[in-house]
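Now for the letters of each chain:
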Amino acid sequence: MAFFSKSTTPVKSQPPEQDGALPVHVAIIMDGNGRWAKQRYLPRIAGHRAGVDVVRTIVEACAAKGIRVLTLFAFSSENWRRPEAEVNLLVDLLLTSLQREVEKLHKNGIRLRFIGERSAFNAKLIEMMSSAERLTADNTGLTLVIALNYGGRWDVTQAAQQLARRVEAGEIRADDIDAAMMETRLCLHGLPEPDLFIRTGGEQRISNFLLWHLSYTELYFTAILWPDFDARAFDDALASFSSRQRRFGRTGDQVEQAKGA
Ligand code: FPP
């Protein structure tokens, strides 16, 4: 399956191949855990714990529907600004969730990949990420991408730095750099760009998520708080996606003609 090749050539999810019925790649900002907990007079971490259960539901739904890639924004590079106690609990929750789930994910043919600056985390979590990636590397089912200490600006910057080093070393010329070459240095290289972006929790912003990759992604915002987001709410997002015409700069008539061809 081309989407899962180890080649660094980026694979695009753009038409005419895609009929638009089902997204190939879904990316989600899981927002609203804190408010969900507050409404119940619970500590914020209770909202994050409830959020992990929803992650399981949505991973299962994606696998069952044949969605190829799911990217989840689990910890942004800005989340370090939260109170230290919440950050520590969140990092612990990520570690324990991974410890509990990785074997099951592997048995279900799911391939795990982590994006973000991982050196900021403790040694246990760093090792957990690497071992989970190694264990599941050859799986051909859903690719589950978890963004940890990820920021879109950081991603583009580190890609630019890599290419600048190649220019300094005389391996390439500055004029050789184009969008395709940039993509080979971005964290999601080798995967198709997201077709559908979902943000729960009512806010309508991208919050430094996949800045480069969301250029042509269909955006879907819902007021539902992440712990309340369920299979039905996910189906609503998919239905909204399938009703949209993706033009990628072309006219609506051109898209219709290409479909009929
Ligand atoms: C945003 O809600 C949520 C987060 C910063 C953390 C999301 C993490 C999880 C659901 C755990 C994921 C686990 C795995 C294994 C992928 P918020 O706290 O900003 O909510 P608020 O806006 O209501 O305060």
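Conventions adopted
- Residues numbered from 1 in each chain as written.
- Predicted model: local features only at pLDDT ≥ 70, side-chain atom pairs only at ≥ 80, totals over all residues.
- Heavy atoms only, no water.
- Helix = DSSP H or I, 4+ residues; strand = E, 2+ residues; numbered from the N terminus.
- Rg over C-alpha atoms; globule rule 2.2 N^0.38 Å.
- Contact = heavy atoms within 4.5 Å.
- Areas by Shrake-Rupley, 256 points an atom, 1.4 Å probe, with all protein chains shown as cover.
- Lys, Arg positive; Asp, Glu negative; His and termini not counted.
- Charge placed at Lys NZ, Arg CZ, Asp CG, Glu CD.
- Near = heavy atom within 4 Å.
- Polar contact = N/O pair within 3.5 Å; in protein donor to acceptor, adjacent residues only side chain to side chain.
- Nonpolar A, V, L, I, M, F, W, Y, C, P; charged D, E, K, R; others polar.
- Core = buried A, V, L, I, M, F, W, Y, C linked by side-chain atoms within 4.5 Å.
- Buried < 20%, exposed > 50% of the residue type's maximum accessible area, 1.4 Å probe, protein only.
- Salt bridge = Lys/Arg side-chain N within 4 Å of Asp/Glu carboxyl O.
- Axes fitted to C-alpha atoms, helices over the stretch in contact; angles between N-to-C directions.
- Parallel < 35°, antiparallel > 145°, perpendicular 65-115°, else oblique.
- Left-handed = near helix turned anticlockwise from the far one by under 90°.
- Phe/Tyr/Trp six-rings, centres within 6.5 Å; stacked < 30°, edge-to-face > 60°.

Trainee: What's the story with the overall build of the chain in this structure? I'm lost.
Mentor: Scanning the chain from terminus to terminus reveals eight helices and six strands. The helix and strand sequence of the chain, counted from the amino end, reads β-α-α-β-α-β-α-β-α-α-β-β-α-α. Taking 2.2 N^0.38 as the reference for a compact globule, 261 residues should give roughly 18 Å; the C-alpha atoms of the chain span a radius of gyration of 19 Å, in line with that estimate. If one aligns the C-alpha atoms of the chain with their principal axes, the spans along those axes are about 55 × 50 × 35 Å. Partitioning the contacts of the chain with sequence separation of at least 6, the portion at a separation of at least 24 is 75%. Of the accessible surface of the chain, which amounts to about 13100 Å², a share of 51% is contributed by carbon and sulfur atoms. In the chain, which carries 33 positive and 32 negative side-chain charges, the distance between the mean positions of the two groups comes to 3 Å.

Trainee: Would you mind going over the site of the ligand with me for this structure?
Mentor: Taken together, 16 residues are adjacent to the ligand, and D31, G34, R35, R44 and R82 come closest. Contacts to the ligand include R35, whose backbone N or O atom sits 2.7 Å from an oxygen atom. Expressed as a share of its isolated accessible area of 630 Å², the protein-covered part of the ligand is 91%. Contributing elements (two or more residues each) for the shell around the ligand: α1 (33-39), α2 (44-65) and α3 (84-107). Per-element tally for the shell around the ligand: the top contributor is α2, with four residues. Here the residues of the shell around the ligand sort into five nonpolar, seven polar and four charged.

Trainee: Looking at this structure, how should I read the side chain of D155?
Mentor: Note that D155 resides in helix α5 (residues 152-168). Of note is the side chain of D155, whose polar atom sits 2.7 Å from the side chain of Y150. Once residues within four sequence positions are removed from consideration, D155 is found in contact with Y150, L186, C187 and H213.

Trainee: Just checking my understanding: could you explain the nonpolar core for this structure?
Mentor: Of all hydrophobic cores here, the largest spans 43 residues; its most connected members are I28, I58, L70, L144, L148, I198 and F234. Top contributing element to this core by residue count: α3, with eight residues. Ignoring sequence-local partners within four residues, the contact set of L144 consists of V59, L70, L72, L105, I110, R111, L112 and R113. The next biggest cluster of nonpolar side chains, apart from the first, holds 15 residues, and it includes A27, F73, V145 and F197.

Trainee: Would you mind going over the pattern of salt bridges with me for this structure?
Mentor: A pair can form between side chains of opposite charge whenever their charged atoms are brought close. Overall, the coordinates contain 18 salt bridges when judged by the stated rule. Between D235 and K65 there is a salt bridge, with its nearest N and O atoms 2.7 Å apart. Of this pair, D235 sits in helix α7 (residues 231-242) while K65 sits in helix α2; the two residues are 170 residues apart in sequence, bridging distant segments of the chain. Taking relative accessible area as the criterion, K65 reaches 32% and is therefore assigned partly exposed. Salt bridges linked by common partners bring D53, R56, R100, E101 and K104 together as one network.

Trainee: When you look at the packing of α2 against α7 in this model, what are you seeing that I'm missing?
Mentor: Each pair of packed helices can be summarised by the angle the axes make with each other and by the distance between the axes. Orientation of α2 relative to α7, taken along the N-to-C sense of each, is 50°, at an axis distance of 10 Å. Judged by the angle between their axes, α2 and α7 are oblique. Crossing of α2 against α7: the hand is right-handed. Touching T57, I58, A61, C62 and K65 of α2 are A231, F234, D235 and L238, all from α7.

Trainee: Would you explain the packing of aromatic side chains in this entry?
Mentor: Overall, the coordinates contain twelve aromatic pairs when judged by the stated rule. Between W80 and F121 the ring centres are 5.3 Å apart and the planes differ by 40°, which places this aromatic pair in the tilted class. Taken together, the positions of W80 in the loop between β2 (69-76) and α3 and F121 in the loop between β3 (111-115) and α4 (123-136) put the pair 41 residues apart, joining distant regions of the chain. Classification of W80 by relative accessible area gives partly exposed; the value is 34%. For F121, a relative accessible area of 6% translates into the label buried. Ring centres of Y216 and F248 lie 5.5 Å apart, and the angle between their planes is 35°; this geometry places the pair in the tilted category. Taken together, the residues span a long stretch of sequence, with Y216 in the loop between β5 (196-199) and β6 (218-221) and F248 in the loop between α7 and α8 (252-260) at a distance of 32 residues.

Just geometry here; none of it tells us what the structure is for.
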